[in-house]
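Chain residues, written in single-letter form:
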Amino acid sequence: MERIDTIAIYGGGGHGKVVADIAASNGFGSILWIDDAPKEEAVGLEEFIASTPDIPVALGIGNNLHREKSFQRLTDAGLKVISLVHPSAIISESAVIERGAVVMPGAVINAEAVVKEGAIINSAAVIEHDCVIGRFAHISPNCALGGDVKVGERTHIGIGASVIQCLSIGPDVKVGAGAAVIHNLPGSIMAAGVPAVIKKEFR
Ligand SMILES: CC(C)(COP(=O)(O)OP(=O)(O)OC[C@H]1O[C@@H](n2cnc3c(N)ncnc32)[C@H](O)[C@@H]1OP(=O)(O)O)[C@@H](O)C(=O)NCCC(=O)NCCS
């Protein structure tokens, strides 16, 4: 029998569309859109919160800081923010995916890795054993993280970047597309290149 469970998705941009596909592949048959610029088919966040609906919410916002703030607002209001995992992703039984996280098609998350609240593991990214992906971080498509890599809160690892095993990358970092990270990186910097070097400091 067809399921018609409803899910709310906050963020109707490009990232939100992919999250909607993942929701559909998880059996959600109806989507209520929440958007900051509500159009005909979407409600605003405050309007949604005020109606306190008994339906789960997924985060469809690509910007890490914005996603963190929205998560806080939703959970403060007592609403249920859920994680979504595409059925084609391969997740170890010992891995942990926390609430608000989204795992895209073809991603691999290996043994005892932890994906913290609101993080995005994008399409075909490989997260090796024992990695910890910080809250609201974003691991872009086709990234590869070796075993035991720690990624800080709100850090963005650019598309196709690689990180060798056992490294630690601080919070609020941007790693450039295609980078090869071979040393620990402090917080609040931008690093890029092969091997990756620090190119900007945000403090
Ligand atoms: C890393 C990034 C965020 C930097 O953006 P930025 O802060 O605007 O950086 P700038 O364009 O000012 O570049 C600063 C320097 O870094 C270099 N640089 C930027 N991105 C680079 C990259 N990916 N690889 C190598 N060098 C890079 C620039 O050439 C420039 O070098 P220079 O100072 O010698 O001229 C951006 O280039 C990037 O790679 N974003 C990834 C986007 C992505 O993965 N999107 C997928 C989302 S799903």
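Criteria and thresholds
Residues numbered from 1 in each chain as written. Predicted model: local features only at pLDDT ≥ 70, side-chain atom pairs only at ≥ 80, totals over all residues. Heavy atoms only, no water. Near = heavy atom within 4 Å. Polar contact = N/O pair within 3.5 Å; in protein donor to acceptor, adjacent residues only side chain to side chain. Areas by Shrake-Rupley, 256 points an atom, 1.4 Å probe, with all protein chains shown as cover. Helix = DSSP H or I, 4+ residues; strand = E, 2+ residues; numbered from the N terminus. Nonpolar A, V, L, I, M, F, W, Y, C, P; charged D, E, K, R; others polar. Salt bridge = Lys/Arg side-chain N within 4 Å of Asp/Glu carboxyl O. Buried < 20%, exposed > 50% of the residue type's maximum accessible area, 1.4 Å probe, protein only. Pairing = 2+ DSSP bridges.

**Brief notes about the site of the ligand**
Next up, step 1: What surrounds the ligand is a group of 15 residues, the closest being Gly-158, Ile-159, Ala-177, Lys-199 and Lys-200.
Next up, step 2: Within the contact set of the ligand, an oxygen atom lies 2.7 Å away from a backbone nitrogen or oxygen of Ile-159.
Next up, step 3: Relative to its unbound accessible area of 910 Å², the ligand is 45% covered by the protein chains.
Next up, step 4: Of all elements in the fold, only β22 (189-192) and β23 (197-201) reach the threshold of two or more residues within the shell around the ligand.
Next up, step 5: In terms of residue class, the shell around the ligand is made up of 5 nonpolar, 7 polar and 3 charged.

**Some words on the pattern of salt bridges**
Next up, step 1: All told, the structure shown has 8 salt bridges when counted by the stated rule.
Next up, step 2: The shortest N-O distance in the salt bridge between Asp-148 and Lys-150 comes to 2.5 Å.
Next up, step 3: Residue classification places Asp-148 among the partly exposed residues on the basis of a relative accessible area of 30%.
Next up, step 4: Owing to a relative accessible area of 31%, Lys-150 belongs among the partly exposed residues under this scheme.
Next up, step 5: Salt-bridge contacts for Glu-153 lead to Arg-154; the nearest nitrogen and oxygen are separated by 3.2 Å.
Next up, step 6: Within the structure, one salt-bridge network assembled from shared partners comprises Glu-68, Arg-99, Glu-117, Arg-135, Glu-153, Arg-154 and Asp-172.

**A closer look at unusual backbone geometry**
Next up, step 1: For the peptide bond that leads from Val-194 to Pro-195, omega is -5°, which places it in the cis range.
Next up, step 2: Tracing the backbone through its elements, the reader meets Pro-195 in the loop between β22 and β23.
Next up, step 3: Its identity as a non-glycine residue notwithstanding, Glu-112 has a phi of 60°, on the positive side.
Next up, step 4: We note that Ala-124 has phi near 60°; this positive angle belongs to a residue other than glycine.
Next up, step 5: Of note, Ala-124 is situated in the loop between β11 (120-121) and β12 (126-127).
Next up, step 6: Since its relative accessible area comes to 31%, Ala-124 is described here as partly exposed.

**Description of the sheet that holds strand β7 (residues 96-97)**
Next up, step 1: Reading across the sheet, the 5 strands line up as β7-β10-β13-β16-β19 and stay open at both edges, with parallel pairing between neighbours. Two strands close off the open sheet at either side, each with one partner strand: β7 and β19 (168-169).
Next up, step 2: Pairing of β7 with strand β10 (residues 114-115), which is carried by 2 bridges, proceeds in the parallel orientation. Bridging across to β10, Ile-97 finds its partner in Val-115.

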